[in-house]
There are 2 protein chains.
Amino acid sequence: MKADAGTGNVSLRVATFVADARLDDLPANVRHEAKRSLLNFFGCALAGSHDADIAHLFKVTTALSGPAAATVIGRAQRVDLLTAAFLNAASANVFDFDDTHIPTIIHPTAPVAPALLALAETRRVSGAELLLAFVLGVDVTCRLGNALHPAHYRRGWHITSTCGVFGAAVAAAKLIGIDAGRIVWALGGAAAQASGLVETLGSTAKSIGVGNSARNGLFAALAADAGATGPLLPIEGQRGFAAVTGEQPNLAELITGLGERWEILNNTYKPYPCGVVLNSVIDGCLALREGHALAADRIARVVVSGHPLLGERTDRAGIKSGREAQVSAQHAAAVALLRGAADLAQFSDAAVRDPAVSALRGRVTVERDAAIPVEAADVRIELMDGQEFQIRIPHGRGSLQRPLSDREIEDKVRALARHGGFKADVSPLIDAIWSIERADDVAAIVRLTAAAE
Amino acid sequence: MKADAGTGNVSLRVATFVADARLDDLPANVRHEAKRSLLNFFGCALAGSHDADIAHLFKVTTALSGPAAATVIGRAQRVDLLTAAFLNAASANVFDFDDTHIPTIIHPTAPVAPALLALAETRRVSGAELLLAFVLGVDVTCRLGNALHPAHYRRGWHITSTCGVFGAAVAAAKLIGIDAGRIVWALGGAAAQASGLVETLGSTAKSIGVGNSARNGLFAALAADAGATGPLLPIEGQRGFAAVTGEQPNLAELITGLGERWEILNNTYKPYPCGVVLNSVIDGCLALREGHALAADRIARVVVSGHPLLGERTDRAGIKSGREAQVSAQHAAAVALLRGAADLAQFSDAAVRDPAVSALRGRVTVERDAAIPVEAADVRIELMDGQEFQIRIPHGRGSLQRPLSDREIEDKVRALARHGGFKADVSPLIDAIWSIERADDVAAIVRLTAAAE
């Protein structure tokens, strides 16, 4: 792709924007959304930190860790800052319960925040500095995603990892305070390391990709600070990241309205730990269950109807693991109707094996209807006695139209911390995030997430 | 891409081959070529270990290194095994003076050998075990390259890095001794991390990519050993590595003649530290200079003619750095004619700035002639007095047709060690590699490459 007048030098223009940005440039709603993203992130990482996938990676990386300078969220052991970035990103994303940038389905906080939190434990970083760098990292991640979506993911790139490494790099570079020229080098280091395949979803390899997006973005920034050069056009060059991993990328998305339009305002938080398209399905099942006092053994059949994308992503009957359950409409409907809940416990291996859940799953079918908007779902229930109930959910909870309230996010954090076996009270962490602009030293906040020895 | 009868389950078939392979399966010429590759590698890494790019990366990584278990070639400081793999791969490749697999132009030893050498310092590994794992890693790297070439590199993938991580992963997995199922997981970890862009060539970011191919391949194997899962079809899956980074990949290349045809026999070693297409050009200039006792100030004009690829890759007159000189036919011809040499010193920043070299460079032109084979070159020299000399070099030194002799590789290693400022005698290292099958403990060999404190 040739640089043209419109999108020439997007790397340098993004780098200059990042270098020049100040906290005062951020509107109040942007700052507030950043805090909501961070809170949601900490909850997810606390829950994920003891997952089996993460435990494998914890074992390998801690044995090779350098100076114990940084916190592993939910753990007592301290590690070097690259290892902390890796593990905290992997933990936050392992259940796919972290935030979702609606236009691209990127999970933007997992790559970006861990790079910054690790840095904040090795140099003094104020809450205001962290908040600014975080918003910038999310903005670059999601703008790059916008430029490449939808061809990039469709081809098989795990867009959270591939784009996240760039956001982590610029965010870390901002905290380190390097100039725009070196931020372009950091983007080059990110381009050299950008990776992650959709094929890996459902396995630990997915978490390696997400962990690396934070680790390698941070590494790219540290290397650029030390003098490691990169190409002049890492994103927009003829063989740069956009041309190589995209199809007719729209590079204008990277720079149009920089500082005016903030992508973090398109960020959302899941009420349920599963594919975001299932939110409306679960809401519908919970509403029918509550409204009609349904007992599962009276249910003859459940029909879930949605946009064809719902079927493509989640029509999955014969599942064997909690990971698969996260993308199974049959399972989501079954646990919501049977147990009146759709939390992490309902998407565990044990829940999948439960004979009652399994039996009800077998009575759920998924129908595809292009007339139903992608964010909506219809649920119809036929009882043994011939009665039928039906509901249309236009927008699921946790969508941009029905965002979780601040209080609901707090409740989610508390539930996730409990799920992860975190013993300490998370109220000080929640309070610290809401007031992070006034914090002198972010390290003190990060340490609130460490487990007791 | 659908798996079919011919190429279904290539990942598992490759993994099973690796798991079952024994040193006795390797013909004598394969073993000998492996030793030549390793020797050439050590020379390149000794020379590269103090390059400025590597120094930047050394500074960042050593500050964050874990337990000091492994040797950094050419350095006194010891680091953790992932960091050693990273730095040794980057050092070996930084000058692009390392080996070249002719069908793909992959540099296969840089990603594979460092992963194995690092492992050999943390568990007892015999020379026979190392040799076998190394050959297997090179085979997988190059077969994967064959499957994707030429579309993969043309699209912008730095094929040494992107394919090398798979070779490093299986080679490390072989040394660790995990079963075929877990080797598939290691391939999945490699797939999650495969990265590297052609756009980064000429900058430190290229070395980050190559360093990561060794580091991340080793990490994938260690993670798989610890239980980290991967997808079932990391290479051949619908959104696996081949489909995502290739165009109509030929997966049969991965499995056809496994154990019968060994890709390491297509490996070559450069006599000169520059683009491989320049070998014939330099040979021609050196031959004319020697045959006619040419003094540079008598030369009016030099015409280098070659296949259009020569012009495309190396017609580069206005260069400013040693890195650029490595891909400049003008510079290569000028130093060969003026100084009668084409070693690392001739491709330094200082040589580029030398007024005499610069003046002669200005009198060199590159002509494209599709009738000349890609491995050949014509050099014609016109003197001030009207005399003309001409030579055709059908195959450059270091090609498959005119391979460097064992003695020439030894001499190259000695020269490279001197260039890197390595104080110790390299004869024990050279002897140890030629007899590596009889070594009880590879760690003792690796330590011969450490600098004195």
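Residues numbered from 1 in each chain as written. Chains lettered and ligands numbered in written order. Predicted model: local features only at pLDDT ≥ 70, side-chain atom pairs only at ≥ 80, totals over all residues. Heavy atoms only, no water.

### Remarks on the packing of aromatic side chains
Residue and element names in this part refer to chain A.
(1) Moving on: Scanning the entire structure with this criterion turns up 9 aromatic pairs over all chains.
(2) Moving on: Aromatic side chains Phe41 and Phe42 sit 5.2 Å apart centroid to centroid with 65° between the ring planes, which places their arrangement in the edge-to-face category.
(3) Moving on: Using a relative accessible area of 1% as the deciding quantity, one classes Phe41 as buried.
(4) Moving on: Judged by its relative accessible area of 1%, Phe42 falls in the buried class. (Phe/Tyr/Trp six-rings, centres within 6.5 Å; stacked < 30°, edge-to-face > 60°. Buried < 20%, exposed > 50% of the residue type's maximum accessible area, 1.4 Å probe, protein only.)

### Quick word on the sheet that holds strand E8 (residues 388–393) of chain B
Each strand in a sheet pairs with another by means of backbone hydrogen bonds, the pair being arranged parallel or else antiparallel.
Residues and elements named next belong to chain B.
(1) Moving on: Reading across from one edge, E6-E5-E7-E8 is the order of the 4 strands in this open sheet, with mixed pairing throughout. Of all strands in the sheet, those bounded by a partner on one side alone are strand E6 (364–368) and E8. Sheet twist, expressed as the mean angle between neighbouring strand axes with direction ignored, is 15°.
(2) Moving on: Both strand E5 (residues 299–306) and E6 contribute to a ladder of 5 bridges, which runs parallel. (Pairing = 2+ DSSP bridges. Helix = DSSP H or I, 4+ residues; strand = E, 2+ residues; numbered from the N terminus. Axes fitted to C-alpha atoms, helices over the stretch in contact; angles between N-to-C directions.)

### Notes on the relation of the copies chain B and chain A
(1) Moving on: Between the two copies, chain B and chain A, the superposition gives an RMSD of 0.1 Å; the rotation angle is 180° and the shift along the axis is 0.1 Å. A rotation of that kind, with that shift, is consistent with a two-fold axis. Among all residues of chain B, the minimum C-alpha distance to the rotation axis is found for Gly66(B), at 1.8 Å.
(2) Moving on: When the interface residues of chain B are mapped onto chain A, 98% of them again lie at the interface, so the same face is used by both copies. (Least-squares fit on C-alpha atoms with pLDDT ≥ 70 in both. Contact = heavy atoms within 4.5 Å.)

### Here we look at the side chain of Arg155(A)
(1) Moving on: Its place among the elements puts Arg155(A) in helix H7 (residues 151–155).
(2) Moving on: Overall, Arg155(A) belongs to the buried group, its relative accessible area being 18%.
(3) Moving on: Looking at Arg155(A), its side chain comes within polar contact range of the main-chain oxygen of Gly246(B), at 3.1 Å.
(4) Moving on: Non-local contacts of Arg155(A), meaning those with residues more than four positions away in its chain, are made with Glu247(A), Arg155(B), Arg239(B), Ala243(B), Val244(B), Thr245(B) and Gly246(B). (Polar contact = N/O pair within 3.5 Å; in protein donor to acceptor, adjacent residues only side chain to side chain.)

### Focus: the packing of helix H4 (residues 81–93) of chain B against helix H5 (residues 109–120) of chain B
Think of two packed helices as two axes; the pair is described by the angle between the axes and how far apart they sit.
Residue and element names in this part refer to chain B.
(1) Moving on: Where H4 contacts H5, the axes come no closer than 8 Å and their chain directions differ by 145°. For the pair H4 and H5, the sense of crossing is right-handed. Contacts between H4 and H5 pair Leu81, Ala84, Ala85, Asn88, Ala89, Ala92 and Asn93 from the former with Ala110, Pro114, Ala115, Ala118 and Leu119 from the latter. (Left-handed = near helix turned anticlockwise from the far one by under 90°.)

### Focus on the pairing of strand E7 (residues 377–383) of chain B
Residue and element names in this part refer to chain B.
(1) Moving on: Among the 7 residues that make up E7, 6 are buried, leaving the element largely enclosed by the rest of the structure.
(2) Moving on: Relative to E7, E5 is paired through 6 bridges, and the arrangement is antiparallel. Directly across from Val302, in E7, lies its bridge partner Ile381.
(3) Moving on: Two elements, E7 and E8, share 6 bridges in a ladder whose sense is antiparallel. Paired with Arg380 across the bridge in E8 is Gln390.
(4) Moving on: Once E7 ends, the chain turns through 4 residues before running back antiparallel as E8, passing Gly386 with a positive phi of about 95°.

### Overview of the pattern of salt bridges
Residues and elements named next belong to chain B.
(1) Moving on: Here the structure, examined in full by the defined rule, presents 48 salt bridges over all chains.
(2) Moving on: One salt bridge connects Glu121 with Arg447, and the closest N-O pair in it is separated by 3.3 Å. Here Glu121, found in the loop between H5 and helix H6 (127–148), pairs with Arg447, found in the segment after helix H21 (442–446); they are 326 residues apart in sequence, far enough to count as distant.
(3) Moving on: A residue is classified by how much of its surface remains accessible, and Glu121, at 10% relative accessible area, is buried. (Salt bridge = Lys/Arg side-chain N within 4 Å of Asp/Glu carboxyl O.)

### As for the interface of chain B and chain A
Much of the literature gives interface size as the accessible area that the parts lose upon coming together.
(1) Moving on: Each side of the interface is counted separately: chain B has 59 residues, and chain A has 58 residues.
(2) Moving on: Contact between chain B and chain A buries roughly 4,500 Å² in total, counting both sides, with carbon and sulfur atoms accounting for 63%.
(3) Moving on: Inspection of the chain B/chain A interface yields 0 salt bridges.
(4) Moving on: Between chain B and chain A we count 23 residue pairs in polar contact (both at pLDDT 80 or more) in total.
(5) Moving on: Within the residue set of the side of chain B that touches chain A, elements represented by two or more residues are helix H3 (52–63), H4, helix H7 (151–155), helix H9 (180–193), helix H10 (204–226) and helix H11 (241–245) of chain B.
(6) Moving on: Ranked by residues supplied to the side of chain B that touches chain A, first place goes to H10(B) with 11 residues.
(7) Moving on: Considering only residue class, the side of chain B that touches chain A consists of 27 nonpolar, 24 polar and 8 charged. (Buried area = accessible area lost by both parts, 1.4 Å probe. Nonpolar A, V, L, I, M, F, W, Y, C, P; charged D, E, K, R; others polar.)

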